[in-house]
Amino acid sequence: EPEVTQTPSHQVTQMGQEVILRCVPISNHLYFYWYRQILGQKVEFLVSFYNNEISEKSEIFDDQFSVERPDGSNFTLKIRSTKLEDSAMYFCASSEVAGGKFSYGYTFGSGTRLTVV
Amino acid sequence: QKEVEQDPGPLSVPEGAIVSLNCTYSNSAFQYFMWYRQYSRKGPELLMYTYSSGNKEDGRFTAQVDKSSKYISLFIRDSQPSDSATYLCAMRLANAGGTSYGKLTFGQGTILTVHP
């Protein structure tokens, strides 16, 4: 079964440092997403990305965050200057968009646990 | 009022029991409703999805949506220890112009333990 692959599984970084979280979505999927889950809290939407641009973002996704699809397979989330409150599990997801059909659900990766110290 | 509310539990049941998990929501514009299962330190895994009101059955799982009450349910029949996980409800708006709106709004998740 196709999978969304995320690397690394765990990253520890110092406050103020830049981090890049990497994802390889399912190959025929066209829509990509980042969500995060702070320990004990809800899974929260960060951003959706389609056709090489952001299609929707949440209020969490401020200027410190950016996304990129640098090649045909990777999808990255960059946090420019990490804060303690950025510590969370970050999930990448992808979905297929087949002209006119709805995309009901997404395939999530296993996540990257980001710890900011 | 929170957009999606879900009782976090925890819920503990004996093997073979029928489990009922529920969410309420406040935004009447939600059209797509999903249930995800999440094992510890893993990503959510899609279990069921429904569009608008009605029931949907898949094996031991039944999803129900009552849009008039803004209430969704997931029933698990003949529960197994392997069903022990956190169950998340999620929902999103309708598509517009053929472009999927990707934002899912999740509930808190209900921790379920099925003991042998």
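Presented here is a report on the structure given in the accompanying data block. (Residues numbered from 1 in each chain as written. Chains lettered and ligands numbered in written order. Predicted model: local features only at pLDDT ≥ 70, side-chain atom pairs only at ≥ 80, totals over all residues. Heavy atoms only, no water.)

### Some words on the overall build of chain B
Secondary structure summary: chain B contains 0 helices and 11 strands in total. Traced from its N-terminal end to its C-terminal end, chain B shows the element sequence β-β-β-β-β-β-β-β-β-β-β. In summary, chain B has a C-alpha radius of gyration of 14 Å against a globular reference of 13 Å for 116 residues, a match within 12%. Judged by the C-alpha coordinates and their principal axes, chain B covers about 50 × 30 × 25 Å. Buried positions account for 44% of the 116 residues belonging to chain B. Here chain B displays about 5,400 Å² of accessible surface, and carbon together with sulfur accounts for 48% of that area. Across chain B, the 11 positively charged side chains and the 10 negatively charged ones have centroids separated by 8 Å. (Helix = DSSP H or I, 4+ residues; strand = E, 2+ residues; numbered from the N terminus. Rg over C-alpha atoms; globule rule 2.2 N^0.38 Å. Buried < 20%, exposed > 50% of the residue type's maximum accessible area, 1.4 Å probe, protein only. Areas by Shrake-Rupley, 256 points an atom, 1.4 Å probe, with all protein chains shown as cover. Lys, Arg positive; Asp, Glu negative; His and termini not counted. Charge placed at Lys NZ, Arg CZ, Asp CG, Glu CD.)

### Side note on the pairing of strand S6 (residues 54–58) of chain B
Residues and elements named next belong to chain B. Summarising the sheet, S6 and strand S7 (residues 61–66) pair through 5 bridges and their orientation is antiparallel. Paired with glutamate 57 across the bridge in S7 is threonine 62. The hairpin turn running from S6 into S7, its antiparallel successor, is 2 residues long, and glycine 59 in that turn takes a positive phi close to 65°. (Pairing = 2+ DSSP bridges.)

### So, the sheet that holds strand S3 (residues 19–24) of chain A
All names here are of chain A. With antiparallel pairing, 4 strands are arranged side by side in an open sheet as S1-S3-S8-S7. One side of each edge strand has no neighbouring strand; the edge strands of this open sheet are strand S1 (5–7) and strand S7 (65–68). Strand-to-strand twist of the sheet, defined as the mean angle between neighbouring strand axes without regard to direction, takes the value 20°. Sheet topology note: the S3/strand S8 (residues 75–79) ladder contains 5 bridges and is antiparallel. Considered in S8, the bridge of leucine 21 is made with leucine 77. (Axes fitted to C-alpha atoms, helices over the stretch in contact; angles between N-to-C directions.)

### Quick look at unusual backbone geometry
Trans is the prevailing form of peptide bonds, just as negative phi is the prevailing case for residues other than glycine. For the bond from threonine 7 of chain A to proline 8 of chain A, the omega torsion is -10°, close enough to zero to count as cis. Mapped onto the fold, proline 8 of chain A is located in the loop between S1 and strand S2 (10–13). Residues glycine 9 of chain B and proline 10 of chain B are joined by a peptide bond in cis, for which omega reads 5°. Relative to the helices and strands, proline 10 of chain B resides in the loop between strand S1 (4–6) and strand S2 (11–14). One non-glycine residue, asparagine 52 of chain A, adopts positive backbone phi at about 65°. Mapped onto the secondary structure, asparagine 52 of chain A falls in the loop between strand S5 (43–50) and strand S6 (53–57). Positioned with a positive phi, aspartate 78 of chain B is a non-glycine residue whose angle comes to about 45°. Turning to its location among the elements, aspartate 78 of chain B is positioned in the loop between strand S8 (71–76) and strand S9 (85–93).

### Thoughts on the state of the cysteines
One pass over the structure, following the stated rule, counts 2 disulfides over all chains. At a sulfur-sulfur separation of 2.0 Å, the disulfide partner of cysteine 23 of chain A is cysteine 92 of chain A. Since a negative S-S torsion denotes a left-handed disulfide, the cysteine 23 of chain A-cysteine 92 of chain A link at about -65° is left-handed. A residue pair is termed long-range when its members are at least 10 positions apart, and cysteine 23 of chain A in strand S3 and cysteine 92 of chain A in strand S9 (residues 88–95) qualify at 69 residues. Disulfide pairing is shown between cysteine 23 of chain B and cysteine 89 of chain B; the S-S distance is 2.0 Å. Residues cysteine 23 of chain B and cysteine 89 of chain B are joined by a disulfide whose S-S torsion is about -100°; by sign, that bridge is left-handed. (Disulfide = S-S within 2.5 Å.)

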